[in-house]
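# A look at the structure
Now for the letters of each chain:
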Number of protein chains: 2
Amino acid sequence: MCMKTLIELGEEAKKASRYLALASTTEKNHTLKMMSLAILDNVDEILSANQKDLAAAKENNIPETLLDRLILNANRLQEMADGLIQIADLPDPIGVVDGMFKNEAGLTIGKQSVPLGVIGIIYESRPNVTTDAGALCFKSGNAVILRGGKEAIHSNTALVNILQETLNATGFPIACLQLIEDTSRETAREMMRLNRYLDVLIPRGGARLIQTVLETATVPVIETGTGNCHIYIDKDAQLKMATDIIVNAKCSRPSVCNAAETLVIHKDVAAEFLPFIEQALADYHVELRADEKAYQLLKKAIPATKEDWETEFLDFILAIKVVDSLEEAIDHINQYSTGHSEAIVTDNYFSGQRFHREIDSSTVYVNASTRFTDGFEFGFGAEIGISTQKLHARGPMGLAELTSSKYIVFGEGQIR
Amino acid sequence: MCMKTLIELGEEAKKASRYLALASTTEKNHTLKMMSLAILDNVDEILSANQKDLAAAKENNIPETLLDRLILNANRLQEMADGLIQIADLPDPIGVVDGMFKNEAGLTIGKQSVPLGVIGIIYESRPNVTTDAGALCFKSGNAVILRGGKEAIHSNTALVNILQETLNATGFPIACLQLIEDTSRETAREMMRLNRYLDVLIPRGGARLIQTVLETATVPVIETGTGNCHIYIDKDAQLKMATDIIVNAKCSRPSVCNAAETLVIHKDVAAEFLPFIEQALADYHVELRADEKAYQLLKKAIPATKEDWETEFLDFILAIKVVDSLEEAIDHINQYSTGHSEAIVTDNYFSGQRFHREIDSSTVYVNASTRFTDGFEFGFGAEIGISTQKLHARGPMGLAELTSSKYIVFGEGQIR
């Protein structure tokens, strides 16, 4: 089979996006439900493609954690299929008119949500992104060009073939959802500069992927997912709540972006709290990297370097810094944070208010774990990623964040 | 006097933006009103600086239209001062919490508007952009770095000095509003890549400036203002309304981005309408560039080339194309438009609906002139530009479009 060039993929996506932008909610939802059935009808085919990826991965000695992300099984396919149904059941974000009004000249003006057009998604080895991101783009009326990691190419190809067969069966152009089969770096670079066809590019993956995209892309990018998140324990914090939150934020799932990486603690409570927290974290074998003051208060820690303040460990490692004041805590966080999620633990009303106001991150918590920064937890029913930039969208992005708008104006011959 | 480097300007702007983000509405409005008074108190100083720019411009044989944009006089300064008061009187876009809700875990979550941070504005020779854009950024809590054209450097420096004196007097850091005094191209290029300090870059000016910024910038850009706007006269249009709208859209102010550049007309009415429209446009000496069919129906036209369909003339020139159907009109417009503003003139309900739905532009009109695409006409009370991109903002941008958001979350110890 001969692979399509990126230009061909782009041209077809653009055409498909025009069709898709006009599709009714009923047609889109029906197609998503048919896609869900098609996944379940083709479990064997998908799993046998996945076996090829897994065999190649083992041959290439890919690390265990990566391998886990790559594995598909009956359970995971059921989750994929369920995810498609959930997306079908969400309200259509397209066509919503917000605040229609009459202006002084008597024109009726409404701001209507419309699709962005063609969205590019660059991701790594998780095949579930193929169906999740593909379905979210489809529901929001956008054509999508997917570029997954080479480790998952067989799984992704099988999945996209099945989704495209469904598109074809329900009368949509198959170019609504396309996969770049050439997983070379050159093609990825070319994709990042495909301004003529791509309206936006969303990278989903680790810090290195995001950085490469930011440096290379000329297509507008929505930066997602790098989370150097902080928990600050104020002098007026409760010991148990503080411990529960730090243990949850660090240990419940350390590999995700909303996990905490640094604990900042007020000097007045450090001596009492740190030994207790150390003990709670010991159950999870968390390595502690402490500044000088914290180091004195801990049994087993290693000295922190400046690099530790900057690092998203994504592992059972926690940096700890003792501060003299709330102000120092805010300065430290604003300096080193990636602008994802930060939390304060405090009983003091004014400390909470100030933290909310002065911390410059997508999501700022008082007395809760940073682990809640998530489209599902926020009630969006779905998530395409968590934006850490300020333009267009910030924080968890659902279907609404995959839309643009246009003003529709109703006149009766008005001139100016 | 030694000029500050861009890095110094950037660092100071970043610091100032933190202060400004926390300023109260009262403090900001008071400062804007004081700025307005300061402009009026320093008319002589500003006009004498402007005289230097005008003298240099004449020496360099700058064209009359450019000269007109550069000129300041008592009237224009009064308008500038009035503009500052108007911006002071607008609602503060910062701190607005939209749709606060409780999630399943019992967290109270609100999406709050916050400033973008530091905004860069690159513009050409109009000194009024200095106060307008400066004040809009200030009101929306953003520090701003202005880079105006070299033709206006004396006027801009005088204006910024006066605004900074006011900032100082009302207790704000003067770095809330800074001017790049070095108007070299190298410095402009450097500004476009100042990602560490600039959160967004907004170019205001002609197509060439916008294109240079798009090609050079690594800072996120909001593309504004290129308007290759179309009026489509449907077969069910009224002759008088159609003529009024095309004359208004072409002739009321041809140098602006919402002026019409191409007339698309249905073949069924072309023979009746075009001679009438030609006569109406003759009063303004509009040059007509016609496709083959239109050429046959006009007394005095020149044949249109493909380039004419693509050109934003910004002059008394109109391209004319005859089409066989609404569908052909929509295809032509979507192919050549810059996505700014388009209008259909029709009595037919379904034609209007279809035009609204299928035209992919920031603002789509039924039976009104494209000249209404404007922040003031849309009731925003102010305008920073008209976005022709789909990300972040589309169409006229007011104060709300100069904001980002953050989620503020109120918990009581929740963990996940």
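Parameters at a glance
- Residues numbered from 1 in each chain as written.
- Chains lettered and ligands numbered in written order.
- Predicted model: local features only at pLDDT ≥ 70, side-chain atom pairs only at ≥ 80, totals over all residues.
- Heavy atoms only, no water.
- Helix = DSSP H or I, 4+ residues; strand = E, 2+ residues; numbered from the N terminus.
- Rg over C-alpha atoms; globule rule 2.2 N^0.38 Å.
- Buried < 20%, exposed > 50% of the residue type's maximum accessible area, 1.4 Å probe, protein only.
- Contact = heavy atoms within 4.5 Å.
- Areas by Shrake-Rupley, 256 points an atom, 1.4 Å probe, with all protein chains shown as cover.
- Lys, Arg positive; Asp, Glu negative; His and termini not counted.
- Charge placed at Lys NZ, Arg CZ, Asp CG, Glu CD.
- Pairing = 2+ DSSP bridges.
- Axes fitted to C-alpha atoms, helices over the stretch in contact; angles between N-to-C directions.
- Polar contact = N/O pair within 3.5 Å; in protein donor to acceptor, adjacent residues only side chain to side chain.
- Core = buried A, V, L, I, M, F, W, Y, C linked by side-chain atoms within 4.5 Å.
- Parallel < 35°, antiparallel > 145°, perpendicular 65-115°, else oblique.
- Left-handed = near helix turned anticlockwise from the far one by under 90°.
- Buried area = accessible area lost by both parts, 1.4 Å probe.
- Salt bridge = Lys/Arg side-chain N within 4 Å of Asp/Glu carboxyl O.
- Least-squares fit on C-alpha atoms with pLDDT ≥ 70 in both.
- Domains from an automatic or database assignment.
- Nonpolar A, V, L, I, M, F, W, Y, C, P; charged D, E, K, R; others polar.
- Phe/Tyr/Trp six-rings, centres within 6.5 Å; stacked < 30°, edge-to-face > 60°.
- UniProt positions renumbered as here; feature names shortened; annotations may be inferred.

### Let's talk about the overall build of chain A
A count of helical and extended segments in chain A gives 15 helices and 16 strands. The C-alpha atoms of chain A give 24 Å as radius of gyration, which agrees with the globular expectation for 416 residues (22 Å, within 12%). Counting only C-alpha atoms, chain A reaches 70 × 65 × 35 Å along its principal axes. Burial status across chain A gives 59% buried among its 416 residues. In chain A, the share of contacts with a sequence separation of at least 24, taken over all contacts with a separation of at least 6, comes to 71%. Surface exposure of chain A reaches about 17,300 Å², of which carbon and sulfur atoms provide 49%. Across chain A, the mean location of the 40 positive side-chain charges is 4 Å away from that of the 57 negative side-chain charges.

### Things to note about the sheet that holds strand β3 (residues 118–123) of chain A
Residue and element names in this part refer to chain A. The four strands lie next to each other as β5-β4-β3-β6, forming an open sheet whose pairing is parallel. Bordering the open sheet on either side are β5 (177–179) and β6 (200–204), each of which pairs with just one other strand. With strand direction ignored, the average angle separating the axes of adjacent strands in the sheet is 20 degrees. Where β3 meets β6, five bridges bridge the pair, whose relative direction is parallel. Following the sheet pairing, Ile 119 is matched in β6 by Val 200. Sitting on the sheet, helix α6 (residues 128–139) touches β3, β4 (143–147), β5 and β6, and the angle it makes with β3 is about 165 degrees. Against the sheet, helix α9 (residues 207–216) engages β3 and β6, with an angle of about 160 degrees to β6.

### Details of the pairing of strand β11 (residues 317–323) of chain A
Residue and element names in this part refer to chain A. Across the seven residues of β11, seven count as buried, placing the element largely inside the fold. Side chains Ile 317, Ala 319, Lys 321 and Val 323 of β11 all project onto a buried face; the interleaved residues Leu 318, Ile 320 and Val 322 project onto the opposite face, where all are buried too. Bridging between strand β8 (residues 260–266) and β11 involves five bridges; their strand directions are parallel. Across the sheet, residue His 266 finds its bridge partner in β11, namely Val 323. With four bridges joining them, strand β9 (residues 287–290) and β11 adopt parallel strand pairing. If you follow Leu 288 over to β11, its bridge partner there is Leu 318.

### Description of the side chain of His356(A)
As for its position among the elements, His356(A) is in helix α15 (residues 349–358). Judged by its relative accessible area of 4%, His356(A) is buried. A distance of 3.2 Å separates a polar atom in the side chain of His356(A) from the backbone oxygen of Val364(A). With residues up to four places along the chain from it excluded, the contact list for His356(A) reads Val364(A), Tyr365(A), Val366(A), Lys406(B), Ile408(B), Val409(B) and Phe410(B).

### Observations concerning the nonpolar core
Grouped together as the largest cluster of nonpolar side chains are 50 residues, with contacts concentrated most on Leu32(B), Ile39(B), Ile119(B), Ile121(B), Leu146(B), Ile202(B) and Ile384(B). Judged by nonpolar contacts, the second largest core, of 49 residues, contains Ile39(A), Leu90(A), Ile202(A) and Ile222(A).

### Here's the deal with the packing of helix α2 (residues 25–41) of chain A against α6(A)
All names here are of chain A. Interhelical geometry of α2 versus α6 gives an angle of 165 degrees and a closest axis separation of 10 Å. One way to sum up the angle between α2 and α6 is to call them roughly antiparallel. With respect to the hand of their crossing, α2 and α6 are arranged in right-handed fashion. Residues Lys 28, Asn 29, Thr 31, Leu 32 and Ile 39 of α2 form the contact with α6, whose participating residues are Thr 131, Ala 135, Phe 138 and Lys 139.

### Considerations on the interface of chain B and chain A
By convention, interface size is frequently given as the accessible area that disappears when the constituent parts associate. Opposite the 63 residues of chain B that make contact, chain A presents 63 residues. Both sides together, the interface formed by chain B and chain A hides about 5,100 Å², and carbon and sulfur atoms give 56% of it. For chain B, the biggest contributors to the area lost against chain A are Leu391(B), Tyr407(B) and Arg416(B); these three give 17% of the whole. There are six salt bridges connecting chain B and chain A. Between Lys111(B) and Glu401(A) there is a salt bridge, and its shortest N-O distance comes to 3.8 Å. Our count for the chain B to chain A interface comes out at 39 residue pairs in polar contact (both at pLDDT 80 or more). Listed by contribution, the elements that provide at least two residues to the side of chain B that touches chain A are β2 (108–115), α10 (239–251), α15 (349–358), β13 (363–368), β15 (395–397) and β16 (403–414) of chain B. Per element, the largest residue contribution to the side of chain B that touches chain A is 11 residues, and it comes from β16(B). Bridge count for strand β13 (residues 363–368) of chain A against β16(B) is five bridges, and the pairing is parallel. What sits directly across from Val364(A), in β16(B), is Ile408(B).

### A look at the environment of Ser252(B)
Here Ser252(B) lies in the loop between α10 and β8 (260–266). Put simply, Ser252(B) and Arg371(B) are 119 residues apart on the chain and 8.3 Å apart in space, counted from C-alpha to C-alpha. For Ser252(B), the residues in contact, after removing those within four places along its chain, are Arg416(A), Val247(B) and Arg371(B). At 2.7 Å, the side chain of Ser252(B) and the backbone oxygen of Asn248(B) are in polar contact. Looking at Ser252(B), its side chain comes within polar contact range of the side chain of Arg371(B), at 2.7 Å.

### With respect to the relation of the copies chain B and chain A
Expressed as a screw transformation, the operator carrying chain B onto chain A has a rotation angle of 180 degrees and an axial translation of 0.0 Å, and the superposed copies differ by an RMSD of 0.0 Å. Viewed as a symmetry operation, the transformation between the two copies matches a two-fold axis. The position closest to the rotation axis in chain B is occupied by the C-alpha of His392(B), lying 1.8 Å away.

### Regarding the domain arrangement of chain A
Residue and element names in this part refer to chain A. For chain A, the domain assignment lists domain 1 (6–223 + 392–410) and domain 2 (229–374). A straight line from the C-alpha centre of domain 1 to that of domain 2 covers 35 Å. Every contact between the two is made by four residues of domain 1 and, on the other side, seven residues of domain 2. Roughly 420 Å² of surface becomes buried between domain 1 and domain 2 when both sides are summed, with 49% attributable to carbon and sulfur atoms. In terms of surface lost to domain 2, no three residues of domain 1 exceed Arg 394, Gly 395 and Pro 396, which account for 76% of the buried area on that side. Linking domain 1 with domain 2 are one salt bridge, by the criterion used here. Between Asp 360 and Arg 394 there is a salt bridge, with its nearest N and O atoms 3.0 Å apart. At the boundary of domain 1 with domain 2, the tally comes to one residue pair in polar contact (both at pLDDT 80 or more). Its residues assigned to classes, the side of domain 1 that touches domain 2 comprises two nonpolar, one polar and one charged.

### Side note on the packing of aromatic side chains
Inspection of the entire model under this criterion finds 12 aromatic pairs over all chains. Taken together, a centroid distance of 5.0 Å and an interplanar angle of 70 degrees make the contact between Phe138(B) and Phe172(B) edge-to-face. Within this pair, whereas Phe138(B) is found in helix α6 (residues 128–139), its partner Phe172(B) is found in the loop between α7 (153–169) and β5 (177–179), the two being separated by 34 residues in sequence. Taken individually, Phe138(B) and Phe172(B) each receive the classification buried, so the pair is uniform in this respect. Pairing Tyr349(B) with Phe350(B) gives two aromatic rings, centres 5.0 Å apart and planes at 85 degrees, and the pair type is edge-to-face. As far as burial versus exposure is concerned, Tyr349(B) and Phe350(B) are alike and both exposed. In textbook terms, an aromatic cluster arises when at least three aromatic residues are bridged by ring pairs, as seen for Tyr19(A), Phe138(A) and Phe172(A).

### Observations regarding the UniProt feature "domain: Aldehyde dehydrogenase" (unreviewed entry) in chain A
Residue and element names in this part refer to chain A. UniProt feature "domain: Aldehyde dehydrogenase" (unreviewed entry): in the numbering of this structure it lies at residues 37–290 and 317–379. Helix makes up 48% of residues 37–290 and strand 19%, with an end-to-end C-alpha separation of 52 Å. Within the segment residues 317–379, helix and strand shares are 33% and 29% respectively, and the terminal C-alpha atoms sit 30 Å apart.

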